[in-house]
Number of protein chains: 2
Amino acid sequence: MSKREDTLSHLLDRCREEGMRITAALEKILSLLNSKEGPVTVKSLLKSKNIEGSCDPATIYRLLQKLEENGIIRKIGLHDRSTHFILNESGQHRDYVVCLDCGDVEVLEMTCPVEELENKVSKNTGFQDVYHELQFYGICPECAKGK
Amino acid sequence: MSKREDTLSHLLDRCREEGMRITAALEKILSLLNSKEGPVTVKSLLKSKNIEGSCDPATIYRLLQKLEENGIIRKIGLHDRSTHFILNESGQHRDYVVCLDCGDVEVLEMTCPVEELENKVSKNTGFQDVYHELQFYGICPECAKGK
DNA sequence: GTAATTGCAAATCATTTGCTTCGTA
DNA sequence: TACGAAGCAAATGATTTGCAATTAC
């Protein structure tokens, strides 16, 4: 069994534990999120080959909402018309660079310097269950070239 | 002249430099952004006393777009239905904590540890004009209490 | 005076909801 | 079989756009 398949079945287990039923639409969403390293937009989910035509958008939105409530995926706030989601794997925090021109998202291979600040923020503000999101924005080499 | 008025007239100067005409709607938007420490949602702009009734939403959206293109304001990606904007004052970088329950946004009083990473990211990825956005999310004390 | 900006109405796009039918547990 | 999930259609909300009237420079 490949690493990916393994993760997928583990994700399905987590859904089961949360009382969700395992349906075709759910498997498709998780499989797609699992196949990408970076965040995925709702739009690209809806347009993806496995989903478009076979699942209703309302179904996808409902599933994403439920997955988020159950802590299996996380919404992340990139500047785009369409919301982005990513698997919420503990200890797998990643940061991104986003091209303000074409919207391209790259995953950064670096140690995140902010993790240790979460406790500090929590202590200073009284907020609970604090996590963070860090994004870099700029113009990607392709777009810069095109100018 | 107060600090705030001073900043406002400076903002209007920047707009003039960018070739924008100084209209009532523009002044209202900048004045409101200037009066807040944290980010402002489009919704709250539209609902604000000075604007609602006297300016058309389309006008506000168009101005915000133009202000962003001209680098006078920045869009920031908090998780909410409505987009957030903030004045783009150089050297005035701020980070935030957002309550996932009520949406309350607090400005953090701390030195941001990420600024120095921007150059590194730029070097590693080839992206240009890199800046960053850092947000913390959690449950604010009020909401935690309400549970 | 003239080109940019506004207001209004209509169009678009993302997301949500109601309700009936379907399929997993 | 029963209850959660899916599909479909209609509602909502945010944002965009076309165009004629207005206004800053």
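This text gives an overview of the structure that appears in the document. (Residues numbered from 1 in each chain as written. Chains lettered and ligands numbered in written order. Predicted model: local features only at pLDDT ≥ 70, side-chain atom pairs only at ≥ 80, totals over all residues. Heavy atoms only, no water.)

A few words on the overall build of chain A. Scanning chain A for helices and strands turns up 6 helices and 6 strands. The C-alpha extent of chain A, read off along each of the three principal axes, is 45 × 40 × 30 Å. By residue count, 44% of the 147 residues in chain A fall in the buried class. Long-range contacts, defined here as pairs at least 24 residues apart, represent 52% of the contacts in chain A between residues at least 6 apart. For chain A, the exposed area adds up to about 8,300 Å²; of that, 44% sits on carbon and sulfur atoms. For chain A, the centre of its 20 positive side-chain charges and the centre of its 24 negative side-chain charges are spaced 5 Å apart. (Helix = DSSP H or I, 4+ residues; strand = E, 2+ residues; numbered from the N terminus. Buried < 20%, exposed > 50% of the residue type's maximum accessible area, 1.4 Å probe, protein only. Contact = heavy atoms within 4.5 Å. Areas by Shrake-Rupley, 256 points an atom, 1.4 Å probe, with all protein chains shown as cover. Lys, Arg positive; Asp, Glu negative; His and termini not counted. Charge placed at Lys NZ, Arg CZ, Asp CG, Glu CD.)

Let us now look at the protein's contact with DNA strand D. Taken together, 21 residues lie around DNA strand D, and Arg21, Thr23 and Arg62 of chain A together with Tyr61 and Thr83 of chain B are the ones closest in. Those atoms of DNA strand D that come within 4 Å of the protein belong to sugar or phosphate at a rate of 58%. Here Lys66 of chain A contributes a side-chain N or O atom positioned 3.1 Å from a phosphate oxygen of DNA strand D. Within the backbone of Ile22 of chain B, a nitrogen or oxygen atom sits 3.1 Å from a phosphate oxygen of DNA strand D. Top contributing element to the surface near DNA strand D by residue count: helix α4 (residues 57–69) of chain A, with 5 residues. Across the surface near DNA strand D, the residue classes tally to 9 nonpolar, 5 polar and 7 charged. (Near = heavy atom within 4 Å. Polar contact = N/O pair within 3.5 Å; in protein donor to acceptor, adjacent residues only side chain to side chain. Nonpolar A, V, L, I, M, F, W, Y, C, P; charged D, E, K, R; others polar.)

Near DNA strand C you find 21 residues, and of these Arg21, Tyr61 and Thr83 of chain A together with Thr23 and Thr59 of chain B are the closest. Within 4 Å of the protein, the atoms of DNA strand C are drawn from sugar and phosphate moieties in a proportion of 57%. At 2.8 Å from a phosphate oxygen of DNA strand C is found a side-chain nitrogen or oxygen belonging to Thr59 of chain B. One of the side-chain N or O atoms of Lys66 of chain B is found 3.1 Å from a phosphate oxygen in DNA strand C. Elements with a minimum of two residues in the surface near DNA strand C: α3 (42–47) and α4 of chain A together with α4 (57–69) of chain B. Top contributing element to the surface near DNA strand C by residue count: α4 of chain B, with 5 residues.

Such coordinate-based values are descriptive only and should not be taken to indicate function.
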